[in-house]
Amino acid sequence: MEWLKMIKVENLVKRFGEVAAVDDVSFEVDAGEIFAFLGPNGAGKTTTIKMLTTLLKPTGGAIEIDGLDPAKQSYEVRKRFGIVFQDPSLDQELTALENMDLHGVLYHVPRKVRHERTEMLLKLFELWERRNAYVKEFSGGMKRRLEIARGFLHTPKILFLDEPTLGLDPQSRNQLWTHVKNLNETEGVTVFLTTHYMDEAERVADRLAVIDHGKIVAQGSPDELKQQTQTDSLEGAFLALTGSTIRDEKGSSADQMRQIAKMWRR
Amino acid sequence: MVVASLGQPLLYLLVLGFGFGPVFQKAGNGSYLQFVAPGVIGMSVLFTSVFSGIGLLWDRQFGFLKETLVAPVPRITVMIGKTLGGATVATIQGLLVLIICLIAGFRPVSWATLPIALVFMILTAIVFAGLGMAIGSTLQDMQGFQLIMNFVVMPIYFLSGALFPLTGLPSVLSFLTRIDPLSYGIDGLRSVLLGASQFEPALSLAVLGGVSLLFLALGGYSFSKIQL
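Nothing here was measured: the structure is a model prediction, and the numbers come from that model. (Residues numbered from 1 in each chain as written. Chains lettered and ligands numbered in written order. Predicted model: local features only at pLDDT ≥ 70, side-chain atom pairs only at ≥ 80, totals over all residues.)

Looking at this structure, how should I read the sheet that holds strand 2 (residues 19-30) of chain A?
Whenever strands of a sheet pair, they do so through backbone hydrogen bonds, lying parallel or antiparallel. All names here are of chain A. Pairing is antiparallel across the open sheet formed by three strands, whose spatial order is 2-1-4. Looking along the sheet, the strands with just one partner apiece sit at the ends: strand 2 and strand 4 (60-65). On average, adjacent strands in this sheet sit at an angle of 15 degrees to one another, irrespective of strand direction. Bridge count for strand 1 (residues 5-16) against strand 2 is nine bridges, and the pairing is antiparallel. Directly across from K5, in strand 2, lies its bridge partner D30. (Pairing = 2+ DSSP bridges. Helix = DSSP H or I, 4+ residues; strand = E, 2+ residues; numbered from the N terminus. Axes fitted to C-alpha atoms, helices over the stretch in contact; angles between N-to-C directions.)

Rendered as structure tokens:
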């Protein structure tokens, strides 16, 4: 039996001038699957997500989201997904509750459901006590938790998570992945995620693809990738596929946070 | 924020209103405070409405724009909502400046014309909030902001006749004042508040209405093309 494809990408290209950020990328994600998209900094992960979520128009190739073309049917496509961005996207001048409510209104979540789910999610991510505080007063970790809670407010067909655990403590990361797994199993939500933590990808993903310099260098289950590279961990497989040279990248705030985190871990 | 941004109009009103008053009166043009008050109201509406649109830059910089662009809401709806929101704040600001003008000694020819003055303020606010949205949708970073300020917003203000009468100008300047939409907003305000104007009030209303539709369409188009 052929699985229903929730995401189909064929020969996708995105050029910024002379630079090909995404270069002839093809992959498919089945409905109900958790798919991890891994790659070093500047590999093309976020650019791919931006094209999948209608924020960027591809230079070439084809995308189908639940059978729809994001370039031509962007409004219909947007109804089908939810997203947690890599970079901050909260309104700093609103409270946590107001940010949640605004998101619920934008995604047409009925008022009663909106209030119930907001309470449940803010409690889950331990923000309920600070629900009436302005986001600009939150710590980095609290803002991240609120972004994630907001992303889960409506139940989409596809959930895009672009480095969702960046800047989160282990407890919050655990809560996040438990909730993602639960959503996937109970609601059948398809999950497309990027992360730099290989243990997380191995824990939650059914399949994964590794992208480097804008090209897919490997695809398969975590075990298949380990077998293919003759390594005993996903991190080993990742390094074998992408090399161990540190990549230069234009420093977004998220990247700077990542670099600082790396320095402190040393 | 609304109160904080009253500083500039207040400065213009008091410094120019009372500073140029004697010279203006000697030239036989009556009270400069009476003349400049609609100009200061127009300035307040112009700056607040344009900056509300350019405020998209902040949404872009701080990431909130992404949240609205991926939501299942037609972009034109988001754009119109933002424009009308900005226009509302600008109109309220214009009303506050009108109250300050009244406190400073400005007197309209008839209190009954105030609702029509409000219509002029609303239309002017929509025109420039739409223009601000069109500009804000195309600006990528804060570096373009100063450029827009110096080469778009300030010329619009100084060419509108806010500070000087539109009669007896050199032909080039006269032409420029006539293609400046703010001229019609301020002249419309003068017509209803002072009973004296350069253009017919109906013409001013028609120009403002037409330009507001044009800028809404332009803003909507630019907003629909945003890529992040």
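Having seen the structure, we can now continue with the description.
Before we go on, may I ask you to explain the environment of L10 of chain B in this structure?
All names here are of chain B. Relative to the elements of secondary structure, L10 occurs in helix 1 (residues 7-19). Since 16 C-beta atoms lie within 10 Å of it, L10 is described here as partly exposed. Separated by 34 residues in sequence, L10 and S44 place their C-alpha atoms 9.6 Å apart. (Buried ≥ 20, exposed ≤ 12 C-beta atoms within 10 Å, placed from the backbone.)

Just checking my understanding: could you explain the packing of helix 6 (residues 75-104) of chain B against helix 7 (residues 114-138) of chain B for this structure?
To characterise two packed helices, one gives the angle between the axes of the helices and the distance between these axes. All names here are of chain B. In the contact formed by helix 6 and helix 7, the axes pass within 8 Å of each other and the chain directions differ by 135 degrees. Considering the angle they form, helix 6 stands oblique to helix 7. In this structure, helix 6 meets helix 7 at a crossing whose hand is right-handed. In contact with M79, K82, T83, G86, A87, A90, T91 and G94 of helix 6, helix 7 contributes M121, I122, A125, I126, A129, G130, G132 and M133. (Parallel < 35°, antiparallel > 145°, perpendicular 65-115°, else oblique. Left-handed = near helix turned anticlockwise from the far one by under 90°. Contact = placed C-beta atoms within 7 Å.)

Can you help me understand the environment of P115 of chain B in this one?
Here P115 of chain B is to be found in helix 7. Through-space distance from the C-alpha of P115 of chain B to that of V192 of chain B is 9.3 Å; in sequence the pair is 77 residues apart.

How do you make sense of the pairing of strand 6 (residues 158-162) of chain A when you look at a structure like this?
When a strand is regular, its side chains alternate between the sheet's two faces. Residue and element names in this part refer to chain A. Where burial is concerned, most of strand 6 is hidden: five out of the five residues are buried. Of the two faces of strand 6, the one lined by I158, F160 and D162 and the one lined by L159 and L161 are each fully buried. Across five bridges, the pairing between strand 6 and strand 7 (residues 190-194) is parallel. Counted as the bridge partner of L159 is V191 from strand 7. Taken together, strand 6, helix 6 (residues 170-187) and strand 7 constitute a β-α-β crossover, and its handedness is right-handed. (Right-handed = clockwise from strand over helix to strand, strands pointing away.)

Explain the interface of chain B and chain A here, please?
Interfaces are often sized by the accessible area lost when the parts come together. Counting residues at the interface gives 14 residues for chain B and 19 residues for chain A. Ranked by the residues each element gives to the side of chain B that touches chain A, the list is headed by helix 5 (residues 64-69) of chain B, at five residues.

Please clarify how the sheet that holds strand 3 (residues 34-38) of chain A should be interpreted in this entry.
All names here are of chain A. In space, the six strands of this open sheet follow the order 5-6-7-3-8-9, with mixed pairing throughout. Every other strand in the sheet has two partners, leaving strand 5 (81-84) and strand 9 (215-220) as the edge strands with one partner each. Within the sheet, the average angular offset between the axes of one strand and its neighbour, ignoring direction, is 15 degrees. In terms of strand pairing, strand 5 meets strand 6 through four bridges, oriented parallel. Bridge assignment links I83 to a residue of strand 6, and that residue is F160. In the packing of helix 1 (residues 45-52) onto the sheet, contacts are made with strand 3, strand 6, strand 7 and strand 8 (207-212), and the angle to strand 6 comes to roughly 150 degrees. Of the strands in this sheet, strand 3, strand 8 and strand 9 are in contact with helix 9 (residues 234-242), which crosses strand 8 at around 35 degrees.

Honestly, the pairing of strand 9 of chain A in this entry has me stumped. Any pointers?
Residues and elements named next belong to chain A. Pairing analysis gives five bridges linking strand 8 to strand 9, with the strands arranged antiparallel. Opposite V210, over in strand 9, you have A218 as the bridge partner. Counted between consecutive antiparallel strands, the loop separating strand 8 from strand 9 contains two residues, among which H213 sits at a positive phi close to 50 degrees.

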